[in-house]
Amino acid sequence: MGRTKRDYPRKLAGKLKKIRDREGMSQTEIAKRLKVKDRASISQFENGIIEPPLPVLLKYARLVGVSTDVLIDDKLNLP
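Conventions we followed
- Sequence order sets the numbering: in each chain, residues are counted from 1 along the sequence as written.
- Under the rules for a predicted model, residues below a pLDDT of 70 receive no local features and side-chain atom pairs below 80 are neither given nor counted, while totals for whole chains, interfaces and linings still include all residues.
- Values reported for side chains reflect all heavy atoms of the structure, with hydrogen atoms and water molecules removed beforehand.
- To qualify as a helix, a DSSP run of H or I must reach at least 4 residues; to qualify as a strand, a run of E must reach at least 2; elements of each kind are numbered from the N terminus.
- Between the first and last residue of a helix there are one fewer steps than residues, each counted as 1.5 Å, and that sum is the expected span.
- Relative accessibility decides the category of a residue: with a 1.4 Å probe and only protein chains considered, values under 20% of the type maximum give buried, values over 50% give exposed, and everything between is partly exposed.
- This arc describes the spread of directions from the helix axis toward the C-beta atoms.
- Any two residues whose heavy atoms approach within 4.5 Å at even a single point are treated as in contact.
- Between N-to-C directions, angles span 0 to 180 degrees; the directions come from axes that are lines fitted to C-alpha atoms, helices contributing only their stretch in contact.
- With respect to orientation, any angle under 35 degrees is reported as roughly parallel, any angle over 145 as roughly antiparallel, any angle of 65 to 115 as roughly perpendicular, and every other angle as oblique.
- The rule for a salt bridge is simple: a side-chain nitrogen of Lys or Arg has to be within 4 Å of a carboxyl oxygen of Asp or Glu.
- For the purposes of this section, nonpolar cores are sets of buried Ala, Val, Leu, Ile, Met, Phe, Trp, Tyr and Cys residues that join through side-chain atoms within 4.5 Å.

Student: Describe unusual backbone geometry, listing the residues and the values that go with them.
Tutor: Located in the positive-phi region is K35, a residue other than glycine, with phi close to 60 degrees. Along the chain, K35 turns up in the loop between α2 (27-34) and α3 (39-46).

The structure is reproduced here in structure tokens:
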């Protein structure tokens, strides 16, 4: 049995950038804070090139005190 492709949250990239902007951090700073290997990964997350791994999404959510549902559900907005 093959794997079916799942929907990608279309608003995720924008929400991640908004979090970084609200926190007043550079891509390098948030990469260090989230323990992501480098700034390039943050850029790829924010531009929708790659999807962050679940542990990284959890760190973003905890950084701003929201549920991961808010990040991945396109029907929910950041507070």
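Student: Outline helix α1 (residues 12-23), supporting the account with residue identities and numerical values.
Tutor: With 12 residues, α1 ought to run about 16 Å at 1.5 Å a step, and its terminal C-alpha atoms sit 17 Å apart, in line with that. For α1, every residue scored as buried is listed here: L12, A13, K15, L16, I19 and R20. Each buried residue of α1 sits inside an arc of 170 degrees when the element is viewed along its axis, so together they form one side. Buried residues along α1 sit in contact with α2, α3, α4 (54-64) and α5 (68-72). Taken from the residues just after α1, G24 is the one with a positive phi, measuring 70 degrees.

Student: Pulling in residues and values, what's your account of α3?
Tutor: Buried within α3 we find S41, I42, S43, F45 and E46. Check the buried side of α3 and you find it contacts α1, α2 and α4. G48 occupies a position one or two residues after α3 and carries a positive phi of about 70 degrees.

Student: Describe in detail the packing of α2 against α3, supporting the description with residues and values.
Tutor: One can describe the packing of α2 onto α3 by two numbers: an axis separation of 8 Å at closest approach and a directional angle of 100 degrees. Between α2 and α3, the crossing angle belongs to the class labelled roughly perpendicular. Facing α2, whose interface residues are Q27, T28, I30, A31 and L34, α3 presents R39, I42, S43 and E46.

Student: Tell me what's going on with the pattern of salt bridges, and back it up with residues and numbers.
Tutor: The tally for this structure, following the rule as stated, stands at three salt bridges. Measuring nitrogen to oxygen at the nearest pair gives 2.9 Å for the salt bridge that ties K17 to D21. Here the residue K17 and the residue D21 both occupy positions in helix α1, the gap between them amounting to four residues, near one helical turn. What makes D21 partly exposed here is its relative accessible area of 43%. Among the ionic pairs, D21 bridges to R20, the shortest N-O distance being 3.9 Å. With relative accessibility at 9%, the residue R20 sits in the buried group. Members of the salt-bridge network, linked through shared partners, are K17, R20, D21 and E46.

Student: How would you summarise the nonpolar core if you had to cite specific residues and measurements?
Tutor: Among the nonpolar cores identified, the biggest contains 19 residues, and I30, V36, I42, F45, Y60 and L71 are the most heavily contacted of them. Breaking this core down by element, the ones donating at least two residues are α1, α2, α3, α4 and α5. The dominant element in this core, judged by the number of residues it contributes, is α4, at five residues. Sequence-distant contacts of Y60, defined by excluding residues within four places in its chain, comprise L16, I19, I30, L34, I42, F45 and L71.

The values are spatial; any link to function lies outside them.
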